[in-house]
Amino acid sequence: MRSMFHDDKQRRSAIAVWSTGLSVGAALGPIVSGVLLQFFPWGSVFLINAPVMVLLLILVPALVPEYRLPRGQAGRFDLASGLLSLAGVLAIIWGLKETAVNGFSALPAAALAAGLALGYVFVRRQKTLSHPMIDPQLFRNRDFGASMTVSVACSFCLIGFGVFTTQYLMEVLRMSTLEAALWTMASPVVVTLVVPFVTIIARTVRPAYIIAAGFLVAAVGFVVMTQLEVARSMVTVMGGAIGIGLGIAIVLTCITDLVVAAAPAERAGAASALLETGQELGGALGIAILGSIGAAVYAVTFDAHTPHDVPAAAVQASRQTLATASTVAHGLPRAQADSLLAVAREAFTSSLHYSAIAGGVVAVGAAVFTIALLRRIKPTPPTPKDNNKTEETKVLEGAVA
């Protein structure tokens, strides 16, 4: 999009359309998965993607224009950098999760230290390579570095907490895969309707304030999630999910444009690749950190209310996760199974509350961070051609986009 749309307004509109496409995909994905899991083996959720990828492999080269650096300037892939980054991230995530499940000990601490050390070596290596995997020159632009940080925070909140919402619907409220999938449609549908209007607001409001507002909307969604109980309340569930999804979508619409615009045209590919990588990293860290918080709270709460009429082996296995407790309960007499699941569901709901609090803190912190570092970036004003249009026409065009 950086190469296709040089006009700031057109690029922002294109990114809004792209964000809407992501929301539509997010709405359709769980529904298709829910149908497949309802009637077919679990492996079907992987196979369904194969024809889609084949279609993309055919259409993308034919329809999407490509920007290429002159021969010799692109450099080669540095395998050592790839191994360093992969090993560093995996070591840190494993250390965090192991600490949450089994407590702090020497081995997880060593993994965390090793991960940080590998990350340091990775960064140092990038500064010495003639063609680095991550170009340090991009981060000399303060706007780019700050925008990347905000992007990581987005994925941290959205993906990290999304795991809890799905488990809550299926394990606590005992929905089928298809029913849970249908309920997850609410957030993407609202996002699809609202996000196009962000481009209109961005013409007169500084992006930092829009991004901060999006994070605050997400924070409200996290607060709503802290009110969930074991008893079914779909208004609360959907209110929290819509708040989180809508807030993060607003942020992503603006932050994607800031990252792409901050990079020179010849480095747009590297910038977009970093954006995607940062979002994947944020999602992985979100699952690891929020999941670790949830796992720790679940274990503590479960131990505090351990059912006494359940065999010790079943209790020990069930204190790991709610999914394990559900599996164990299938092999117990009805009364013991009900007792075990009641404690497990209550413990999971408590863990969801604390994870939502952590997500809300990250969202509020990201809002403050955005205002502090990105507020000087001005909005993209309408072009003279736009000024001749009526306000009704502008709104209509934004809705169509």
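Residues numbered from 1 in each chain as written. Predicted model: local features only at pLDDT ≥ 70, side-chain atom pairs only at ≥ 80, totals over all residues. Heavy atoms only, no water.

(A) A look at helix H11 (residues 234–262). Across its 29 residues, H11 extends 41 Å between first and last C-alpha, which sits within 8% of the 42 Å expected from 1.5 Å per residue. The buried fraction of H11 is high, at 23 of 29 residues. (Helix = DSSP H or I, 4+ residues; strand = E, 2+ residues; numbered from the N terminus. Expected span 1.5 Å × (residues − 1). Buried < 20%, exposed > 50% of the residue type's maximum accessible area, 1.4 Å probe, protein only.)

(B) Region of interest: the packing of aromatic side chains. Inspection of every chain in the model, using the stated rule, returns five aromatic pairs. Taking the centre distance of 5.9 Å and the plane angle of 85 degrees together, the rings of Trp 42 and Phe 46 count as edge-to-face. Considered together, Trp 42 and Phe 46 belong to a single accessibility category, that of exposed residues. Relative to Phe 302, the ring of Tyr 298 lies with its centre 5.9 Å away and its plane at 25 degrees, an arrangement referred to as stacked. Of this pair, Tyr 298 and Phe 302 both sit in helix H12 (residues 268–304), four residues apart, which is roughly one turn of the helix. Taking the relative accessible area as the measure of exposure, Tyr 298 reaches 3% and is therefore buried. Judged by relative accessible area, which is 0%, Phe 302 ranks as buried. Taken together, the ring pairs in this structure connect Phe 161, Phe 164, Phe 222 and Phe 348 into an aromatic cluster. (Phe/Tyr/Trp six-rings, centres within 6.5 Å; stacked < 30°, edge-to-face > 60°.)

(C) Broad picture of the state of the cysteines. Taken as a whole, this structure holds zero disulfides when the rule is applied. Here Cys 154 stays unpaired: no disulfide links it, and the sulfur of Cys 157, its closest cysteine neighbor, is 7.2 Å away. The class for Cys 154 is buried, based on a relative accessible area of 1%. Cys 154 provides the cysteine sulfur closest to Cys 254, a residue in no disulfide bond, and the two sulfurs are 10.0 Å apart. (Disulfide = S-S within 2.5 Å.)

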